[in-house]
Amino acid sequence: EDCVATGGLSAGFALVNVRNSIIRRFTVTDGGGKLPYGTCAGFIVWSDGVTIENCEFARYKNNGGHDGVGFDFEGNSKNIKFINNTIHNNSGAGIMVMSTSGHNSNILIKDCTLYNNCTSSYDEKSNYEMLCWNNGSTGTIENCNIYKDKASDYIHPDFCNFIQSNNQFKTYQDFLNLKKK
């Protein structure tokens, strides 16, 4: 709880083979950009029963390559709760769900705010605020506020196995106007 990580080379934090744990109030900013391969502020793989809440994932760079995402569900994780997190100003997608090591299952993405991601996406196929590859993963995206600027769209079509409810889709300008109030 209550941690800050800045300037990470590849990932601000990596959750690998973690069981029944809570990550709370972790801020990860200003990293990546120094490697030719994937970077992300945080990722999870081969894990079960993990809650990640009230965290910030911001300003990760991709150095012209893939990723540079805020948070990456790399694969083969289940029963993960990603709640009330803020993901913003990353080179790539705000959130990416992959099946690199097997499909993810029962992923809950709830009450999150994403804005101004995809500031320098690798290509048009990855230019989404929320990106999903290999659509065998399952879960729910609920009550999220997604503000797009440079992203071509909000949620990638491969999220078809995710239940989506009560999400708000607005522009980055809407977000800026909200902050002025």
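Residues numbered from 1 in each chain as written. Predicted model: local features only at pLDDT ≥ 70, side-chain atom pairs only at ≥ 80, totals over all residues. Heavy atoms only, no water.

**Student:** Honestly, the side chain of threonine 51 in this entry has me stumped. Any pointers?
**Tutor:** Considering the arrangement of structural elements, one finds threonine 51 in strand β6 (residues 48-53). By relative accessible area, which is 15% here, threonine 51 ends up buried. Filtering out sequence-adjacent residues up to four positions away, threonine 51 remains in contact with Ser21, Ile22, Ile23 and Lys81. (Helix = DSSP H or I, 4+ residues; strand = E, 2+ residues; numbered from the N terminus. Buried < 20%, exposed > 50% of the residue type's maximum accessible area, 1.4 Å probe, protein only. Contact = heavy atoms within 4.5 Å.)

**Student:** Got a minute to help me understand the layout of surface pockets in this structure?
**Tutor:** Rolling a probe over the atoms, with the probe sized like a water molecule, indicates the empty space that remains. Put simply, the largest pocket is a space of about 180 Å³. In terms of lining residues, the largest pocket is bounded by 16 residues, among which His66, Asp67, Met96, Ser126 and Trp133 are the most central. Looking at which element gives the most residues to the lining of the largest pocket, the answer is strand β8 (residues 69-75), with three residues. The class makeup of the residues in the lining of the largest pocket is seven nonpolar, four polar and five charged. (1 Å grid on protein atoms, 1.4 Å probe; cavity = no way out; pocket = protein on both sides within 12 Å on 5 of 7 lines; lining within 4 Å. Points joined across faces, edges and corners; volume = space filled by probe spheres on them. Nonpolar A, V, L, I, M, F, W, Y, C, P; charged D, E, K, R; others polar.)

**Student:** Got a minute to help me understand the state of the cysteines in this structure?
**Tutor:** A covalent bond bridging the sulfur atoms of two cysteines is what the word disulfide describes. Evaluated as defined, the whole model comprises zero disulfides. Free cysteine: cysteine 144, not disulfide-bonded; nearest cysteine sulfur from cysteine 112 at 4.7 Å. (Disulfide = S-S within 2.5 Å.)

**Student:** Explain the pattern of salt bridges to me, please; I cannot follow it from the model alone.
**Tutor:** Once their charged atoms are close, side chains differing in charge can pair, the charge on each being opposite to the other. Per the counting criterion, the structure on display carries seven salt bridges. Across the salt bridge formed by glutamate 1 and arginine 24, the nearest N and O atoms sit 2.9 Å from each other. On the criterion of sequence distance, the pair formed by glutamate 1 in the segment before β1 (3-6) and arginine 24 in strand β3 (residues 19-24) is long-range, its members being 23 residues apart. Here glutamate 142 makes a salt bridge to lysine 110, at a shortest N to O gap of 3.5 Å. Of this pair, glutamate 142 sits in strand β15 (residues 139-142) while lysine 110 sits in strand β12 (residues 105-110), placing them 32 residues apart in sequence. (Salt bridge = Lys/Arg side-chain N within 4 Å of Asp/Glu carboxyl O.)

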